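# Structural overview for review
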Amino acid sequence: MDIHEYQAKEILSRFGVAVPEGALAYSPEQAAYRARELGGERWVVKAQVHAGGRGKAGGVKVCSSDREIEDASEGMFGAKLVTHQTGPEGKGVYRVYVEAAVPIDREIYLGFVLDRTTQRVMIVASGEGGMEIEDISADKPDSIVRAVIEPAVGLREFQCRQIAFKLGIDASLTQQLVRTLQGCYRAFTELDATMVEINPLVITGDNRVLALDAKMTFDDNALFRHPQISELRDKSQEDPRESRASDRGLSYVGLDGNIGCIVNGAGLAMATMDTIKLAGGEPANFLDIGGGATPERVAKAFRLVLSDQNVQAILVNIFAGINRCDWVAEGVVAAMKEVGVEVPVIVRLAGTNVEAGQKILAKSGLPIIRAGTLIEAAERAVAAWKSDLSQGTKIRAAS
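Residues numbered from 1 in each chain as written. Predicted model: local features only at pLDDT ≥ 70, side-chain atom pairs only at ≥ 80, totals over all residues. Heavy atoms only, no water.

### Section: helix H11 (residues 325-339)
With 15 residues, H11 should cover 21 Å at 1.5 Å per step; its first-to-last C-alpha distance of 20 Å lies within 8% of that length. Where H11 is concerned, the buried positions are Cys325, Asp326, Val328, Ala329, Gly331, Val332, Val333, Ala335 and Met336. Its buried side turned inward, H11 meets helix H10 (295-306), strand E16 (313-320), strand E17 (345-351), helix H12 (354-363) and strand E18 (368-371). Positive phi appears at Gly340, one or two residues downstream of H11, with a value of about 75°. (Helix = DSSP H or I, 4+ residues; strand = E, 2+ residues; numbered from the N terminus. Expected span 1.5 Å × (residues − 1). Buried < 20%, exposed > 50% of the residue type's maximum accessible area, 1.4 Å probe, protein only. Contact = heavy atoms within 4.5 Å.)

The following block contains the structure:
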């Protein structure tokens, strides 16, 4: 789960990370009022969206008067901010963050991520702040500093001082960087985060180390331990299909293809998408319905997949281990009758009671295309998608 910049800053400040003064606004007039509350002569108005690259897309504006603040905010509210991370559809702006401008002497990139190779939390830092880490890796790989944190002892001060030395931080500012690094690590571990990123972390003209921007991502599976974090979720920034799936206990990721997938098990779902691509098709989604493919759960999955207007065929691929194929087949039949599916449906069943499941599908009287193997199912799904049948013509059940 992602959160907004202002929310990440509120969290990090509670862990000792210094941030500039700022306030949230929901209208241009309120934005100007917030700036007057903050005081000063210059302010930065930032669109609050779950995406990076806001500055290049016009989502960050430096202002010197109430009028400029209102004009900048007016252009942001209700607009779709399109960055390299949002895709062409963009993300809607419904709130802005007004922050007191600070004199910047230097920008630094700082990130805490889970490193799969070492199975540890890794600090990634660079003296080239303000750039995306992908660009830094490509253009200036030698500037990147990495440090792996041993979970048994946590982040030690000597590691923080080593990072400060490698980044060329002045000795008088080292202790501030130590507090920042240790605060980020504590927030990361205590709140079950999967990423903490500050870009840029700035050194100001008056010798302060401040988090000028902040991003945090949290492990969805650990949110039950942190209700205060769950409440920060902003569904307006999420794919509505993924939000509906999450609310119904389904794992769903929307894609750009035409063949909807209903699969049990994340590994099998990934294999199904790969096989569809191998057969010449394009998957419309990743969908793992889990081990309990009850009729109700299958019906929810059908509704979710069909909410994507691009879907022109549905491939159901179930391996029944704990479950049973006859139960799954009953769920598919019941779901198709209840939901009223009008696109070709291809079903591949394997595992416990597969023969009984196939009989249920055959006797249902529904236009279900059956397949015995995954590659056969994928090929039939692609054929159905490419044929005139995918335009609404009824299909006959395969023998």
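Here the narrative resumes.
### Some remarks on the sheet that holds strand E6 (residues 96-100)
Pairing is antiparallel across the open sheet formed by four strands, whose spatial order is E1-E6-E2-E3. On the outer flanks of this sheet lie strand E1 (22-25) and strand E3 (60-63), each paired with one strand and no other. Adjacent strand axes in the sheet meet at a mean angle of 20° when their direction is disregarded. As paired strands, E1 and E6 are joined by four bridges and run antiparallel to one another. By the bridge assignment for E6, Ala23 is matched with Val98. Relative to the sheet, helix H1 (residues 5-14) contacts E1, strand E2 (43-47) and E6, its axis offset from that of E6 by approximately 50°. Helix-sheet contacts for helix H2 (residues 28-38) involve E1, E2 and E6, and the interaxial angle to E1 is about 165°. (Pairing = 2+ DSSP bridges. Axes fitted to C-alpha atoms, helices over the stretch in contact; angles between N-to-C directions.)

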